[in-house]
Amino acid sequence: MAVMMQAFYWDAPQQEKQEGNWWNVIGEHVEALSKSGISALWLPPVSKGYDNRSMGYDPYDYFDLGDYDQKGGAKTLYGNRAELEALIKRAHEHNVGLYADMVINHNSGADEEEVNPLDGQKRWTKFNPKSGKFPP
């Protein structure tokens, strides 16, 4: 039997005073969770939101996993890429699968306005993320 546990709740890092450290917090519990029968963890979105306090459901830079100093800091609310990769490694060492939530249908926190060619109105739609993978 497989049992998946949600590894976060709304504002978890803020409520637990663990902003920018959540991947490490989860990692500390992986072994005990595995021993108790948890076989998978559901993670929040891992990329940078419109600021570094974002839960990730309002994505800004899909390719920033906490590596670029933008939108208020380098780390995401949960941590950085190295901490996420350490969590993944630890989970796999204890036979715990990971599922990351994703938001792929919108972006938030544009850097400037630009004119929409369809209606001629200015909209906050120009993004210049430091990953360079969302061209202006």
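Attention in this report is confined to the structure presented alongside it. Bear in mind that the values here come from a model prediction, so they are computed numbers and not experimental data.

Points about the overall build of the protein
- Tallying secondary structure elements over the protein gives 3 helices and 7 strands in all.
- Counted from the first residue to the last, the protein has its helices and strands arranged as β-α-α-β-β-β-α-β-β-β.
- Across its three principal axes, the protein shows a C-alpha extent of roughly 60 × 30 × 25 Å.
- The averaged location of the 20 negative side-chain charges in the protein is 2 Å from the averaged location of its 14 positive side-chain charges.

Quick word on the environment of P45
- For P45, the location among the structural elements is in the loop between β2 (40-43) and β3 (48-49).
- Given the relative accessible area of 3%, P45 is considered buried.
- Along the backbone, P45 and V25 are 20 residues apart, and their C-alpha atoms lie at a distance of 16 Å.
- Not counting chain neighbours up to four residues away, the residues in contact with P45 comprise M55, G56, Y57, Y78, D101 and V103.

A closer look at the pairing of β2
- Pairing analysis gives 3 bridges linking strand β1 (residues 4-6) to β2, with the strands arranged parallel. Paired with M5 across the bridge in β2 is L41.

Looking at the pattern of salt bridges
- Counting across every chain of the model gives 9 salt bridges.
- The salt bridge partner of R53 is E19, with a shortest N-O separation of 2.7 Å. Within this pair, whereas R53 is found in the loop between β3 and β4 (59-61), its partner E19 is found in the loop between α1 (12-15) and α2 (22-35), the two being separated by 34 residues in sequence.
- Between E93 and K89 there is a salt bridge, with the nearest N and O atoms lying 2.7 Å from each other. Of the two residues, E93 and K89 are both situated in helix α3 (residues 81-93); the distance of 4 residues between them amounts to about one turn of the helix.
- Judged by its relative accessible area of 48%, E93 is partly exposed.
- Classification of K89 by relative accessible area gives exposed; the value is 54%.

What counts, and where the lines are drawn
Residues numbered from 1 in each chain as written. Predicted model: local features only at pLDDT ≥ 70, side-chain atom pairs only at ≥ 80, totals over all residues. Heavy atoms only, no water. Helix = DSSP H or I, 4+ residues; strand = E, 2+ residues; numbered from the N terminus. Lys, Arg positive; Asp, Glu negative; His and termini not counted. Charge placed at Lys NZ, Arg CZ, Asp CG, Glu CD. Buried < 20%, exposed > 50% of the residue type's maximum accessible area, 1.4 Å probe, protein only. Contact = heavy atoms within 4.5 Å. Pairing = 2+ DSSP bridges. Salt bridge = Lys/Arg side-chain N within 4 Å of Asp/Glu carboxyl O.

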